[in-house]
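Now for the letters of each chain:
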Amino acid sequence: MYIDTHTHLYSSAFDEDREQIIEKAQKAGVQKFFLPAIDSSTHEAMLNLEKKYPHTVFAMMGLHPVDVKFDTYKKELSIVENYIQQRDFIAIGEIGIDLYWDSSTLEIQQEAFSQQIDWALEKNWPIVIHCRDAFDEVFEVLDHKNQKINGVFHCFTGTENQALHAIDLGLKLGIGGVATFKNGKIDQFLNQIDIQNIVLETDSPYLAPVPVRGRRNDSSFLPYIAEKLAEIYGISLAEIGRITTQNALEVFQIQR
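Below is a summary of the structure that appears in this document. Just so you know, these numbers come straight off a predicted model, no measurement behind them.

Some words on helix α4 (residues 106-123)
Next, step 1: Relative to the 26 Å expected for 18 residues at 1.5 Å per residue, α4 spans 26 Å between its end C-alpha atoms, a close match to the ideal helical length.
Next, step 2: Looking only at α4, the buried set comprises Ile108, Gln109, Gln110, Ala112, Phe113, Gln116, Ile117, Trp119 and Ala120.
Next, step 3: Buried residues along α4 sit in contact with α3 (73-86), β4 (92-98), β5 (127-132) and α5 (135-145).
Next, step 4: Note on α4: the residue one or two positions beyond its end, Asn124, has a positive phi of about 60°.

What to know about the sheet that holds strand β2 (residues 30-35)
Pairing between the strands of a sheet is mediated by backbone hydrogen bonds and can be parallel or antiparallel.
Next, step 1: Taking strand neighbours across the sheet as the criterion, the three strands line up as β1-β2-β3 in an open arrangement whose pairing is parallel. This sheet does not close on itself; its edge strands, each paired only once, are β1 (2-4) and β3 (57-59). Across the sheet, the mean angle from the axis of one strand to that of its neighbour is 20°, orientation sign disregarded.
Next, step 2: Relative to β2, β1 runs parallel, the two sharing three bridges. Paired with Asp4 across the bridge in β2 is Phe33.
Next, step 3: Against the sheet, helix α2 (residues 40-52) makes contact with β2 and β3, and its axis sits at roughly 140° relative to β3, the strand it touches most.

As for the layout of surface pockets
Next, step 1: Approximately 670 Å³ is the volume found for the largest pocket.
Next, step 2: As for the largest pocket, its lining consists of 29 residues, and the residues nearest its centre are Cys131, Arg132, Cys155, Thr157 and Leu207.
Next, step 3: Among the elements of the structure, β4 and β5 are those that each provide at least two residues to the lining of the largest pocket.
Next, step 4: By residue class, the composition of the lining of the largest pocket is twelve nonpolar, ten polar and seven charged.

Brief notes about the state of the cysteines
Next, step 1: By the definition in use, this model includes zero disulfides.
Next, step 2: For Cys131, which is in no disulfide, the shortest distance to another cysteine sulfur is to Cys155 and amounts to 9.7 Å.
Next, step 3: Given a relative accessible area of 10%, Cys131 falls into the buried group.
Next, step 4: The class of Cys155 is buried, set by a relative accessible area of 19%.

Focus on the pairing of strand β7 (residues 171-175)
Next, step 1: Extensive coverage of β7 is indicated by the burial of five of its five residues.
Next, step 2: Neither face of β7 is left uncovered, since the one carrying Leu171, Leu173 and Ile175 and the one carrying Lys172 and Gly174 both have all their residues buried.
Next, step 3: For the segment spanning strand β6 (residues 151-153), helix α6 (residues 160-169) and β7, crossover handedness is right-handed.
Next, step 4: Two elements, β7 and strand β8 (residues 198-200), share three bridges in a ladder whose sense is parallel. Its bridge partner lying in β8, Leu173 is registered against Ile198.

Points about empty space enclosed by the protein
Next, step 1: By the definition in use, this model includes two cavities of 30 Å³ or more.
Next, step 2: The calculated volume of the largest cavity comes to roughly 50 Å³.
Next, step 3: In terms of lining residues, the largest cavity is bounded by Cys155, Phe156, Gly174, Gly176, Gly177, Val178, Ala179, Ile186, Glu201, Thr202, Asp203 and Leu207.
Next, step 4: There is about 40 Å³ of room inside the second largest cavity.
Next, step 5: Considering the residues around the second largest cavity, the lining is formed by Pro65, Val66, Val68, Lys69, Asp98, Trp101, Asp102, Thr105 and Gln109.
Next, step 6: Looking at side-chain class alone, the lining of the second largest cavity contains four nonpolar, two polar and three charged residues.

Topic: the nonpolar core
Next, step 1: Core analysis: the largest hydrophobic core is formed by 72 residues, its most contacted members being Ile127, Leu142, Phe153, Leu173 and Ile175.
Next, step 2: The greatest single-element share of this core, amounting to seven residues, is contributed by helix α7 (residues 222-233).
Next, step 3: Contact partners of Ile127, with chain neighbours within four places excluded, come to Ile92, Ile95, Ile117, Ala120, Leu142, Ile149, Asn150, Gly151, Val152 and Leu171.
Next, step 4: By size, the runner-up hydrophobic cluster in this structure holds 14 residues, among which are Met60, Val128, Val152 and Val251.

Rules used in this analysis
Residues numbered from 1 in each chain as written. Predicted model: local features only at pLDDT ≥ 70, side-chain atom pairs only at ≥ 80, totals over all residues. Heavy atoms only, no water. Helix = DSSP H or I, 4+ residues; strand = E, 2+ residues; numbered from the N terminus. Expected span 1.5 Å × (residues − 1). Buried < 20%, exposed > 50% of the residue type's maximum accessible area, 1.4 Å probe, protein only. Contact = heavy atoms within 4.5 Å. Pairing = 2+ DSSP bridges. Axes fitted to C-alpha atoms, helices over the stretch in contact; angles between N-to-C directions. 1 Å grid on protein atoms, 1.4 Å probe; cavity = no way out; pocket = protein on both sides within 12 Å on 5 of 7 lines; lining within 4 Å. Points joined across faces, edges and corners; volume = space filled by probe spheres on them. Nonpolar A, V, L, I, M, F, W, Y, C, P; charged D, E, K, R; others polar. Disulfide = S-S within 2.5 Å. Right-handed = clockwise from strand over helix to strand, strands pointing away. Core = buried A, V, L, I, M, F, W, Y, C linked by side-chain atoms within 4.5 Å.

Given below as structure tokens:
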């Protein structure tokens, strides 16, 4: 059994066959789906999906760094804050820093990231971190908090030292399709990382794993990632499922 700790299942990419995708993923052993927030334009779709599948689909709340814009980020953050005052979420996410698309917003991305971490700490909720071309900048914000931070470093693509830094801060590594890529690199050192620090994710509809790379990703492909980890760690697929599921339940504070 698996948990997909990061899937944009509410995305319009699944509008034609969302129910079938959920059914297919469940047949593949995926028992729970965790939904990261993006911005206010997607909240309704995300929360409606959670409502439709209670105990199976779980929503996060947060402002994605790519959507931290000069003219809207303060309003977007106030919407996030209002939601988390109204109800519980399994995490604040996905939040972080992305310098791939726009480096001019670094300062306000750091501000938004820091603020949302503070909210998570106040609530004792985990965070889910998005980082692209910004490891130093993300660690700068995290280190400045000077305390353990529960959560997941989503779609981890860094070095072994960066992995150990994240783990030392209290984070798990979200491992997805990149681990199956020939140029993914993380497969070269993952066996040096205790599997107690790993959770599985797809980031669907993005980053489909080998052997379905290039297709629309979905949660039913999670076993391909698990198979790669079984190969890397030299343990059974059942053990990968058991350990990573338990890790996810602990991070996100969810009862089985």
